[in-house]
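A closer look at the structure
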Amino acid sequence: MPTPSLILVPARFKTGKLYTPLATTSGGTVLGASGDFNVTRATAATRVNSAGLIESVASGIPRLDYFASGGTVGCPALLVEPAATNGILNSADTRTSWVCWSGFTSGAIDVIGVSGMNLTVAVSGSNIGAGTGNGNLARTSNNVALASGSTYTLSFLVKKTGSHTIGGYYASITGGAAGDLGGGFDVSGSFSSGSIHNSAGTTNRIRRVERFGTDVFRCSETFTMTASGTLTTFRVGPTNAVTSPSNPAIGAEIGFAAPQIELGSVPTSFIPTTTGSVTRNADVISVSGAVSGCIGQTEGTIYAEVDMRNLGTSVSIMNVQTTSYVSGTVRIETTASNQLRIQIRDASGTSRLDNTITTPTISAGINKIAVGYSSDASGVVTALNGTIINTTTVSASFGTLGANRVYLGTRETAGFQDLFFNNRIRPTALYTTRLTNAQLQALTT
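Residues numbered from 1 in each chain as written. Predicted model: local features only at pLDDT ≥ 70, side-chain atom pairs only at ≥ 80, totals over all residues. Heavy atoms only, no water.

A closer look at the sheet that holds strand β26 (residues 315-321)
- On the basis of which strands lie adjacent, the open sheet formed by nine strands has the order β2-β3-β4-β24-β33-β26-β27-β28-β29 and antiparallel pairing. The open sheet terminates on both sides in strands that have one partner only, identified here as β2 (13-14) and β29 (351-357).
- Pairing of β26 with strand β33 (residues 405-408) involves four bridges; the strand directions are antiparallel. Bridge pairing in β33 links V320 to V406. (Pairing = 2+ DSSP bridges. Helix = DSSP H or I, 4+ residues; strand = E, 2+ residues; numbered from the N terminus.)

In structure tokens, the structure reads:
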């Protein structure tokens, strides 16, 4: 197997830098520090650390996230997310400024690094949708503006603190979209969910349950507003079924923490708040300049190993490009249908390949992707998890790319970044030659 011209295994970093191992270009020159990736994020953000706890990472430091399939601690992977704002207040500690209505007893718990409330039903039969009645843990006056036509995601952590496994949320919405919105979630392992309330102006509701640790799960719901409104009070509580707002029998208990609402179709990493909403800035991971010698300008190979968790949206995995993605680019993306999309444009901006691979699609979990490209008869070949899944001839000779930078988990267009990955990136590599089909298969096995 040829030696890569640039390889990144996320491990070593400092503020503003993600270090690559010493690599060599095809000419044998040591790349050294000029191959290190620049990291830009002007705010703190959270990650899952090596102990499996959610912790804060300072601004400008790459987030090496240890979250693995099934909520276990795994190898560190680079977390790349867009900017997001959490409008649920006092989310960092639901013991502060939250009201535990009568009918419950409560106690403080730690939910993998986030302070939460453990609720025990003292009076059964109450209703989490009963306004100021019994049966819920509530934060009033959130006042989150919801725009008509926009998609939002609500999420929170549930911790099994006893035998009870079913909990739900209830949101009060005022304005043009006035009504109730709520969902129930069973975290017993079958991961069922259902609608509790559905009178607010929303559509396209999608609920999820994701294991986040031992007896800890993230429950989320995505919805699109059919009219504008304001989310005021947000409640959580144990329920006796995923479609019922009634509380379970006396003595049942369950814990809640890390409530969040954000613009977008997937739940992102937790954004702690106190008395006001908080914004996490985007992660931008890139290298430019001397790295052009590590990019195959007339032929080459791009490799990425990724941990896919948030599916169903168009995202960028890896981009070799100039200052604009419309010229001198080779990029790997996925579509909203979880299909791989490979695009190549030469230095003139002419599209030489725009290929969406309809089958097989990307699935949740670890995926290894390699794209070998050349303007000769060998064409562009894509390998996924040890199998060649597509071979395509480019439209015409592209001569040279002229690419001089690499972006991980996003692309740059007209001075800003978009198509953020919202997932985790493990090793990536560039080769200045187009690997053989057998090598592409071996690389992704």
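This is not the end of the story, as more comes after the structure.
Here we look at the pairing of strand β28 (residues 340-345)
- Of all the six residues making up β28, five are buried; the element is thus mostly covered by neighbouring parts of the structure.
- For strand β27 (residues 329-334) and β28, the ladder comprises six bridges, and the chain directions are antiparallel. Bridged to T329 within β28 is R345.
- Adjacent in sequence and paired antiparallel, β27 and β28 are bridged by five residues, among which N338 carries a positive phi angle near 65°.
- Of the strand pairs in this sheet, β28 and β29 are connected by six bridges, and their pairing is antiparallel. By the bridge assignment for β29, R341 is matched with T356.
- Connecting β28 to the antiparallel partner β29 that follows it, the hairpin turn spans five residues, and G349 within it adopts a positive phi of roughly 95°. (Buried < 20%, exposed > 50% of the residue type's maximum accessible area, 1.4 Å probe, protein only.)

Points about the pattern of salt bridges
- Enumeration according to the criterion identifies 20 salt bridges in this entry.
- When the shortest N-O distance is used, the salt bridge between K160 and D215 registers 3.9 Å. One end of the pair, K160, is in the loop between β15 (151-159) and β16 (166-174); the other, D215, is in the loop between β19 (202-213) and β20 (216-225), with 55 residues separating them in the sequence.
- Owing to a relative accessible area of 32%, D215 belongs among the partly exposed residues under this scheme.
- Here the residues in one salt-bridge network are R331, E333, R341, D354, R411 and D418, joined through shared partners. (Salt bridge = Lys/Arg side-chain N within 4 Å of Asp/Glu carboxyl O.)

A closer look at the environment of T140
- Mapping T140 onto the fold places it in the loop between β13 (137-139) and β14 (144-146).
- Residue classification places T140 among the partly exposed positions, given a relative accessible area of 35%.
- Taking the C-alpha atoms as reference, T140 lies 18 Å from G183; in sequence the two are 43 residues apart.
- Leave out the neighbours within four places in its chain, and T140 touches T232 and T233. (Contact = heavy atoms within 4.5 Å.)

Notes on the packing of aromatic side chains
- As enumerated under the stated definition, the model contains seven aromatic pairs in all.
- Measuring from centroid to centroid gives 6.3 Å for F156 and Y169, while their planes differ by 65°, and the two rings are edge-to-face. A residue pair is termed long-range when its members are at least 10 positions apart, and F156 in strand β15 and Y169 in strand β16 qualify at 13 residues. Grouping residues by exposure puts F156 and Y169 together as buried.
- For the ring pair Y169 and F234, a centre distance of 5.8 Å and an interplane angle of 25° mean the geometry is stacked. Note that Y169 is positioned in strand β16 and F234 in strand β21 (residues 229-238), a separation of 65 residues in sequence.
- Taking relative accessible area as the criterion, F234 reaches 0% and is therefore assigned buried.
- Clustering of aromatic rings is evident, with ring pairs tying together F156, Y169, F185, F234 and F256. (Phe/Tyr/Trp six-rings, centres within 6.5 Å; stacked < 30°, edge-to-face > 60°.)

Notes on the sheet that holds strand β11 (residues 104-111)
- Pairing in this open sheet of six strands is antiparallel, and the strands run β11-β12-β22-β15-β20-β19 from one edge to the other. Among the strands making up the open sheet, the edge pair consists of β11 and β19. Across the sheet, the mean angle from the axis of one strand to that of its neighbour is 25°, orientation sign disregarded.
- Sheet topology note: the β11/strand β12 (residues 114-121) ladder contains eight bridges and is antiparallel. Residue pairing across strands places I109 opposite G116, the latter belonging to β12. (Axes fitted to C-alpha atoms, helices over the stretch in contact; angles between N-to-C directions.)

A look at unusual backbone geometry
- Residue P360 follows T359 across a cis peptide bond; omega there is -5°.
- Tracing the sequence through the fold places P360 in the loop between β29 and β30 (365-374).
- Positive phi values are uncommon outside glycine, yet F191 reaches one of about 55°.
- Note that F191 resides in the loop between β17 (179-186) and β18 (193-198).
- Of note, A258 is a non-glycine position whose phi angle comes to about 55°, a positive value.
- With a relative accessible area of 5%, A258 lands in the buried category.

Focus on the environment of I61
- With respect to the helices, strands and loops of the structure, I61 is situated in the loop between β6 (54-57) and β7 (64-67).
- A relative accessible area of 17% means that I61 is categorised as buried.
- Expressed as a C-alpha distance, the spacing of I61 and G113, which sit 52 residues apart in the sequence, is 19 Å.
- Excluding residues within four positions of it along the chain, I61 makes contact with F13, T15, V39 and R41.

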